[in-house]
Amino acid sequence: MNRDAVLPFSFETLPVRGAIVQLSDAWRRLLRGHDYDVPVRDVLGHAAAATTLIAQSLKAGSLVTLQITGEGPMSMLVMQCTSALHFRGLASAAGIARSDRFSDLVSAARCAITVDNDNSERPYQGIVEVSGESLAASLEAYYLRSAQIPSHLMLVANDSICGGILLQQMPDRGDASRDDWQRLGYLSATLRLADLAGGVGTELIGNLFAADDVRVYEPRAASFRCRCSRRRAANVLKLLGEDECLAACASDERVVVTCEYCGRRQSFDAVDLMLLFAEKSVYRSTEMH
């Protein structure tokens, strides 16, 4: 069984492909330093599983970003995953009750899926209204409307595990019958957290789709990885401006930039700031000449 991994598979006699993901250590690392209310945490876990499932089929050098914005208590959620299955994410919410359902968290919300590729000049973006039923239902609608790909998606999460399963029809191999497609949807919807406790493997796929011939491919490892750096932190300070940064440094003897994704802290003292803004001045002087 494979933990923190995606397991792709396909059906031998049906034009359907799939993938199943389990995130445990990587999921808990993403949660470290955050104190999310349970309903928000679960949606964040669903988003982590979903973006990983989407990213596993992308071309090398790609990055998928899932972003939900709205007027509800959960005003923003961002999850990113690279084609190498390195993911990070966060959510912003206030006034959450433990009993809140997904529909209580989102109001007039939209879900945007953006795919960037190193070899593409312009990123692809699809936007769909968020369904009050679940994030999975919203993403199924996204695939059907934006890509014309019928999909079944089941997502699960708690404080130690998140995961899910994605099934998609493959139009180039013909259409699945209505009965077969409905049957596969019912079976994928039976996925539970307990099924993922030990990881993902051929046995789990066999249990879910016992009546089907399924070809299982090599698992792919997934991990939490943030893309923050000292250079990016310095760019944030440049946006704030020299006067504001120097004033903050005079008060606290240093300016600290904390990454909201991973909690990493980058510290800049007075000398660091002088060098940082001196670089900017030299650049401007060079531009003038």
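Residues numbered from 1 in each chain as written. Predicted model: local features only at pLDDT ≥ 70, side-chain atom pairs only at ≥ 80, totals over all residues. Heavy atoms only, no water.

Now for the pattern of salt bridges. Under the criterion given, the structure shown has seven salt bridges. In this structure, R215 and E12 form a salt bridge, with 3.2 Å as the shortest nitrogen-oxygen distance. Of this pair, R215 sits in strand β10 (residues 214-216) while E12 sits in the loop between β1 (5-11) and β2 (16-23), and the two are 203 residues apart along the sequence. Residue class for R215 comes out partly exposed when judged on its relative accessible area of 43%. Given a relative accessible area of 40%, E12 falls into the partly exposed group. Ionic pairing is found between D180 and R183, a salt bridge with its closest N-O pair at 3.4 Å. Here the residue D180 and the residue R183 both occupy positions in helix α5 (residues 178-188), the gap between them amounting to three residues, near one helical turn. Judged by relative accessible area, D180 falls into the partly exposed class, the value being 24%. The class for R183 is partly exposed, based on a relative accessible area of 28%. (Salt bridge = Lys/Arg side-chain N within 4 Å of Asp/Glu carboxyl O. Helix = DSSP H or I, 4+ residues; strand = E, 2+ residues; numbered from the N terminus. Buried < 20%, exposed > 50% of the residue type's maximum accessible area, 1.4 Å probe, protein only.)

Scanning all chains against the criterion turns up five aromatic pairs. The interplanar angle of 75° and the centroid separation of 5.9 Å between the aromatic rings of F9 and F11 together place this pair among those described as edge-to-face. Taking the relative accessible area as the measure of exposure, F9 reaches 2% and is therefore buried. With 6.4 Å between their ring centres and 85° between their planes, F87 and F224 make a pair best called edge-to-face. Residue F87 is found in strand β5 (residues 86-93), and its partner F224 is found in strand β12 (residues 223-224); the two are separated by 137 residues along the sequence. (Phe/Tyr/Trp six-rings, centres within 6.5 Å; stacked < 30°, edge-to-face > 60°.)

Read these as layout, nothing more, since geometry by itself doesn't imply function.
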